[in-house]
Amino acid sequence: MEGGLLRVDLTTGTIKKERIPHALFERWVGGSGINDWLMWEHFLKHDPMCDPRSPDNIFIFGVGPLAGVGSGIGVKGRLTFKSPCYGIFGDSAGGGKFPYMVRFSGFDYIVVTGKAPKPVYLHICNEEVTICDATHLWGKGCEETHEMLKQELGDYPSTTHTLSIGQAGENQVGIAGVVSDGWRIHARSGGGGVMGSKNLKAIAVQGNGGVKIDNPNGLLEWSDDFRQKLDGNEAAYGFKRRGTLGAVEMYQRIGGNFWRNNQGALFRGEEVRSDNWVKKYHKYSEVCSSDCYIACDGRYKIEGHESEQAKKFVGETFRHPEYLTTASGAGAMDIRDWAEVAHWGKITNDYGIDNQDLSCSIGFIMELKQRELISDRDVEELFGKPQSLEWGNIEDIEELVKNVSYQTNPFGWLFRDGAYWGALRYSEQKGQNFMKYAIYGKGGASFTEEMRPFPTWMNNMAVASRGSDHLKGIGLIEKFQRKDLSKAYFGTPIAGDPTVPDLKGACTAVLENQVALINSYGVCLFHWLLDPLSYAPESYYGEAYTAVTGIDRTKEERMLDGERICNLEKAYNSRLGLRREHDTICERWMHEPCPEGPNKGRVAADMFEQVLDEYYEWRGWDKETGLQTRKKLEELGMEDVADVLAADNAIAGESRSGRAVHVEMKASDDPGIPD
Amino acid sequence: MITVQAEYTARFKEITQITSETIQLEQPHMAELAQILTTKYGERMEALLIDPKTQDLNTNGTLFVDSTGRRLFIDDTLADGETVSFMVGIAGG
Ligand code: SF4
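All values reported here derive from a predicted model rather than from experimental measurement. (Residues numbered from 1 in each chain as written. Chains lettered and ligands numbered in written order. Predicted model: local features only at pLDDT ≥ 70, side-chain atom pairs only at ≥ 80, totals over all residues. Heavy atoms only, no water.)

What to know about the site of the ligand
Then, number 1: Taken together, Gly74, Lys76, Arg184, Ser290, Cys292, Ala295, Cys296, Asp297, Cys524, Phe526 and His527 of chain A make up all the residues around the ligand.
Then, number 2: Residue classes in the shell around the ligand are distributed as five nonpolar, three polar and three charged. (Near = heavy atom within 4 Å. Nonpolar A, V, L, I, M, F, W, Y, C, P; charged D, E, K, R; others polar.)

Take a look at the structure:
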């Protein structure tokens, strides 16, 4: 197995093509694992403490070995960079056709460094790479950018597929995402802000080459077996119809929803509590853009008869709202109509901004207004005019989305890196402490689900390498009370009981390793979630990986591969000065009792430290500092990484002279408050 | 004899074509409720409800809870007047 690597330095305009050797796949699997290594290597030569918006930051797109091979597990591309909003390790996944089109063009990884003197886009056409002027695209939203590039580049030698940023990325908003083919956002960590800081508007790719498979017959057999397994899975059929949206009603019953900046744990609006949108809205195209046997994705169109509010958006097309788009719109900001929720999803996608962080920024300021902690005059100072800040008011919300995306007023500037940094800056500005109303976990990243009753979920938010997030550790065993899975994983049902702390830290550690494997194969998480034992990444998916790459492993070795990748992400953050105290969550989650639902009264603090201790134990890290130990790194064959950490005084129990790194985690350059 | 309320969401709602119903059980057992539902709604319901490998309630991609939000397994006992919700158990986005 070898991979194609494209390196582009936008400062010098240099383009280099290299090969990723087999040995790197042996060590880092592929996909996110190799991305992580490319970033690690980069920051051995560049200052890891660099401003993420500076030319020294790196922007990596990578795709795993299982992408584009017709296996039906779904394809996910991965972006990796230093996060401009949280100042720590950043990465983000996204589907669509872009990832495998990159492979068909001859590359698996694209590394962009430096900064172009003016807006550019990168055109990759079967290994021919050109840096093109993007002045005409600057200022456009993601959908229009994609359409213009499709027009411009045509359908030969293949259709054109794109990654682009919208206005938020152009303005280097920290929480800006990167959008695939104009409609599927890589939302987390702020990749759009990094692209914007490099004046890189888009990457367009065309390719009609193939992908080398080590054992094609083996892969065909595997793929056939996988399809048959999924065919017999009735839950997969249900998931195809709704995607993750079925979670709204489920969370309503287990108390997992998030309402009005998490002042509540249950949605209110009758309409958005149901899955009426499936019945009412017209699905005009079913989109499985991702080599996926499930195909949960689809495009919908608002016709105007669906609700009174829908009349405002007649003709608007949108990707169906996923659970988190709904949780941010209907939950965090209390929008109560499906057409408005869909519109929220559409505009955040088009401006290219993460709706998790943004909804918590908007929810924060709405809550201050609701509690009369800010006056009408304060509001005018923030927005330059009166603003109702009424919960659920879509017109108001749309203005606030523009304020942040275009950086047009103090609210936009303050909250460009999300709710935590915005709340901190605003508290400093006003000389008052508003932090108890800010929703965040590690790094200051926000998330719109109720955390307090779910100890693994809560721990995931505190330790995820890219900052508070659900997709690194997954709360599968505890949140869904999977005592059966707990027995299979740990020999006891206790991890499936969310009311006790036992094995909750262990769940984070083990599932992070599995997720790291899936992300490194470059496939979707959902198939695995539908049947975690049958589709285990270290065994069943591992067989497909072996057929493609020729790299054979025992299941134990594959779990170590996943663990190695998690340790590399951790090591990068340790170099930045992150320690145990940074593995934390916000005050509301930690100390404020869950206000309603079946888990009323629960607070995270009851179990937080115990679960975190257990997590470090399972990881083999030092509980006191949260740092990695040389012993663990050596077990994983990471002596080289241990040496770098030791030189930075970022490994447990080894204190040396040399660079003393222990800085406060910080977002890049505080924007300050303009006069 | 006890009475329970069955509530259906998502795929369960499509199969049953209703959002809830009242069901009488001879024995207060989840196993009996599952049996009644598979008989009444046929193969698709059975495929969603029962794991053929374990003959327990299917846990993959589904979640069945009582009114306190506690997950139910086949050998659980139900109280008279209990509400059982049949849901999909997958989230994200
Ligand atoms: S399951 Fe859904 S999100 Fe995953 S690859 Fe398939 S269509 Fe995409």
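Some thoughts on the side chain of Lys82 of chain A
All names here are of chain A.
Then, number 1: Structurally, Lys82 can be placed in strand 4 (residues 77–82).
Then, number 2: Look at Lys82: it is buried, it has no salt bridge, and the nearest opposite charge is Asp47 at 7.0 Å.
Then, number 3: Within the local environment of Lys82, its side chain forms a polar contact with the backbone oxygen of Pro48, the two atoms lying 2.8 Å apart.
Then, number 4: Within the local environment of Lys82, its side chain forms a polar contact with the backbone oxygen of Cys50, the two atoms lying 2.8 Å apart. (Helix = DSSP H or I, 4+ residues; strand = E, 2+ residues; numbered from the N terminus. Buried < 20%, exposed > 50% of the residue type's maximum accessible area, 1.4 Å probe, protein only. Lys, Arg positive; Asp, Glu negative; His and termini not counted. Salt bridge = Lys/Arg side-chain N within 4 Å of Asp/Glu carboxyl O. Polar contact = N/O pair within 3.5 Å; in protein donor to acceptor, adjacent residues only side chain to side chain.)

Notes on the nonpolar core
Then, number 1: One finds Ile365 and Tyr541 of chain A together with Leu33 and Phe86 of chain B to be the most contacted residues of the largest nonpolar core, which totals 204 residues.
Then, number 2: Top element by residues in this core is helix 21 (residues 504–521) of chain A. It accounts for ten residues.
Then, number 3: Once residues within four sequence positions are removed from consideration, Phe86 of chain B is found in contact with Ala6, Glu7, Tyr8, Thr9, Phe12, Met30, Leu33, Leu37, Leu49, Leu63 and Phe64 of chain B.
Then, number 4: Within the second largest apolar cluster, 30 residues are counted, among which are Val75, Phe107, Leu122 and Ile203 of chain A. (Core = buried A, V, L, I, M, F, W, Y, C linked by side-chain atoms within 4.5 Å. Contact = heavy atoms within 4.5 Å.)

Side note on the packing of helix 2 (residues 31–45) of chain A against helix 21 of chain A
Residue and element names in this part refer to chain A.
Then, number 1: Packing of helix 2 against helix 21 leaves a shortest axis separation of 4 Å and a crossing angle of 90°. With respect to helix 21, the axis of helix 2 lies roughly perpendicular. Together, Gly31, Ser32 and Gly33 of helix 2 and Ala516, Asn519 and Ser520 of helix 21 make up the contact between the two elements.
Then, number 2: Residue composition of the contact of helix 2 with helix 21, by class: one nonpolar, five polar and no charged. (Axes fitted to C-alpha atoms, helices over the stretch in contact; angles between N-to-C directions. Parallel < 35°, antiparallel > 145°, perpendicular 65-115°, else oblique.)

Some thoughts on the pattern of salt bridges
A pair can form between side chains of opposite charge whenever their charged atoms are brought close.
Residues and elements named next belong to chain A.
Then, number 1: As enumerated under the stated definition, the model contains 69 salt bridges over all chains in all.
Then, number 2: Glu170 is the partner of Lys201 in a salt bridge, and the nearest nitrogen-oxygen pair spans 2.6 Å. Residue Lys201 is located in strand 12 (residues 200–206), and its partner Glu170 is located in helix 5 (residues 167–170); the two are separated by 31 residues in the primary sequence.
Then, number 3: Its relative accessible area of 0% is what places Lys201 among the buried residues.
Then, number 4: For Arg227, the salt bridge is made with Asp231, and the minimal N-O distance between the two is 3.3 Å. Here the residue Arg227 and the residue Asp231 both occupy positions in helix 7 (residues 216–231), the gap between them amounting to four residues, near one helical turn.
Then, number 5: By relative accessible area, Arg227 is classed as partly exposed at 31%.

A word on empty space enclosed by the protein
Residues and elements named next belong to chain A.
Then, number 1: Across all of its chains, the model carries nine cavities of 30 Å³ or more by this definition.
Then, number 2: There is about 170 Å³ of room inside the second largest cavity.
Then, number 3: In this structure, the second largest cavity is lined by 17 residues; those nearest its centre are Ser465, Lys472, Glu512, Cys566 and Glu569.
Then, number 4: Contributing elements (two or more residues each) for the lining of the second largest cavity: helix 21 and helix 24 (555–575).
Then, number 5: Considering only residue class, the lining of the second largest cavity consists of seven nonpolar, four polar and six charged. (1 Å grid on protein atoms, 1.4 Å probe; cavity = no way out; pocket = protein on both sides within 12 Å on 5 of 7 lines; lining within 4 Å. Points joined across faces, edges and corners; volume = space filled by probe spheres on them.)

Quick notes on the sheet that holds strand 2 (residues 20–25) of chain B
Then, number 1: Reading across the sheet, the four strands line up as 2-1-4-3 (chain B) and stay open at both edges, with mixed pairing between neighbours. A strand with exactly one partner marks an edge of an open sheet, and here the two such strands are strand 2 and strand 3 (62–65) of chain B. Strand after strand, the sheet turns through a mean of 20° between neighbouring axes, direction not considered.
Then, number 2: Of the strand pairs in this sheet, strand 1 (residues 2–8) of chain B and strand 4 (residues 83–88) of chain B are connected by four bridges, and their pairing is parallel. Note that in strand 4 of chain B the partner of Glu7 of chain B across the bridge is Ser85 of chain B.
Then, number 3: Against the sheet, helix 9 (residues 247–254) of chain A touches strand 1, strand 3 and strand 4 of chain B, its axis set at about 145° to strand 4 of chain B. (Pairing = 2+ DSSP bridges.)

With respect to the packing of aromatic side chains
All names here are of chain A.
Then, number 1: Applying the stated criterion to the full structure yields 36 aromatic pairs over all chains.
Then, number 2: Aromatic pair Trp28 and Trp37: ring centres 5.4 Å apart, planes at 15°, arrangement stacked.
Then, number 3: Residue classification places Trp28 among the buried residues on the basis of a relative accessible area of 0%.
Then, number 4: On the accessibility criterion, Trp37 (10% relative accessible area) is buried.
Then, number 5: Summarising the aromatic geometry, the rings of Tyr615 and Tyr616 are spaced 5.9 Å apart at their centres and angled 50° between planes, so their arrangement reads as tilted.
Then, number 6: For Tyr615, a relative accessible area of 2% gives the class buried.
Then, number 7: In textbook terms, an aromatic cluster arises when at least three aromatic residues are bridged by ring pairs, as seen for Trp222, Phe226, Tyr293, Tyr535, Tyr540 and Tyr541. (Phe/Tyr/Trp six-rings, centres within 6.5 Å; stacked < 30°, edge-to-face > 60°.)

Some words on the sheet that holds strand 4 of chain A
Across a sheet, paired strands are connected by hydrogen bonds in the backbone, their directions being either parallel or antiparallel.
All names here are of chain A.
Then, number 1: Taken together, the six strands give an open sheet; going across it, the order is 2-1-6-3-4-5, and neighbouring strands pair in mixed fashion. In this open sheet, the two edge strands, each paired with only one partner strand, are strand 2 (14–20) and strand 5 (89–94). On average, each strand axis in the sheet is inclined to that of its neighbour by 15°, with strand direction left out of account.

Some details on the pairing of strand 4 of chain B
Residue and element names in this part refer to chain B.
Then, number 1: Counting buried positions over the six residues of strand 4 gives five, a clear majority of the element.
Then, number 2: Across four bridges, strand 3 lies against strand 4 in antiparallel orientation. Each bridged residue has a counterpart across the sheet, and for Val65 the counterpart in strand 4 is Ser85.

Describing the interface of chain A and chain B
How big an interface is tends to be stated in terms of accessible area lost as the parts join.
Then, number 1: With 32 residues of chain A in contact, the opposing surface of chain B contributes 30 residues.
Then, number 2: Counting the surface chain A buries against chain B, the share from its top three residues, Glu234, Arg253 and Gln481 of chain A, is 24%.
Then, number 3: Counting the contacts that link chain A with chain B gives six salt bridges.
Then, number 4: Here Arg253 of chain A makes a salt bridge to Glu7 of chain B, at a shortest N to O gap of 2.7 Å.
Then, number 5: At the junction of chain A with chain B, the criterion picks out 14 residue pairs in polar contact (both at pLDDT 80 or more).
Then, number 6: Where the side of chain A that touches chain B is concerned, the elements lending two or more residues are helix 8 (234–242), helix 9, helix 11 (323–332), helix 20 (483–490) and helix 22 (526–530) of chain A.
Then, number 7: With seven residues, helix 8 of chain A is the largest single contributor of residues to the side of chain A that touches chain B.
Then, number 8: Among the residues making up the side of chain A that touches chain B, the classes are represented as 15 nonpolar, six polar and eleven charged. (Buried area = accessible area lost by both parts, 1.4 Å probe.)

Things to note about the pairing of strand 12 of chain A
Residues and elements named next belong to chain A.
Then, number 1: In terms of burial, strand 12 is a largely internal element, seven of the seven residues being buried.
Then, number 2: The sheet contact formed by strand 7 (residues 120–125) and strand 12 spans six bridges and is parallel. By the bridge assignment, Val120 is partnered in strand 12 with Leu200.
Then, number 3: Taken together, the four bridges between strand 9 (residues 161–164) and strand 12 define a ladder with antiparallel strand orientation. Counterpart to His161 in the pairing with strand 12 is Val205.

A closer look at the domain arrangement of chain A
Residues and elements named next belong to chain A.
Then, number 1: Here chain A is partitioned into domain 1 (3–206), domain 2 (219–228 + 237–444) and domain 3 (455–647).
Then, number 2: Placing a centre on the C-alpha atoms of domain 1 and another on those of domain 2 gives a separation of 25 Å.
Then, number 3: Domain 1 puts 38 residues into the contact, and the matching count from domain 2 is 36 residues.
Then, number 4: Carbon and sulfur atoms make up 50% of the surface buried where domain 1 meets domain 2, a total of about 3100 Å² over both sides.
Then, number 5: Between Arg188 and Asp354 there is a salt bridge, with its nearest N and O atoms 2.8 Å apart.
Then, number 6: Where domain 1 packs against domain 2, one counts 24 residue pairs in polar contact (both at pLDDT 80 or more).
Then, number 7: Those elements giving two or more residues to the side of domain 1 that touches domain 2 turn out to be helix 4 (142–153), helix 5 and strand 11 (184–186). (Domains from an automatic or database assignment.)

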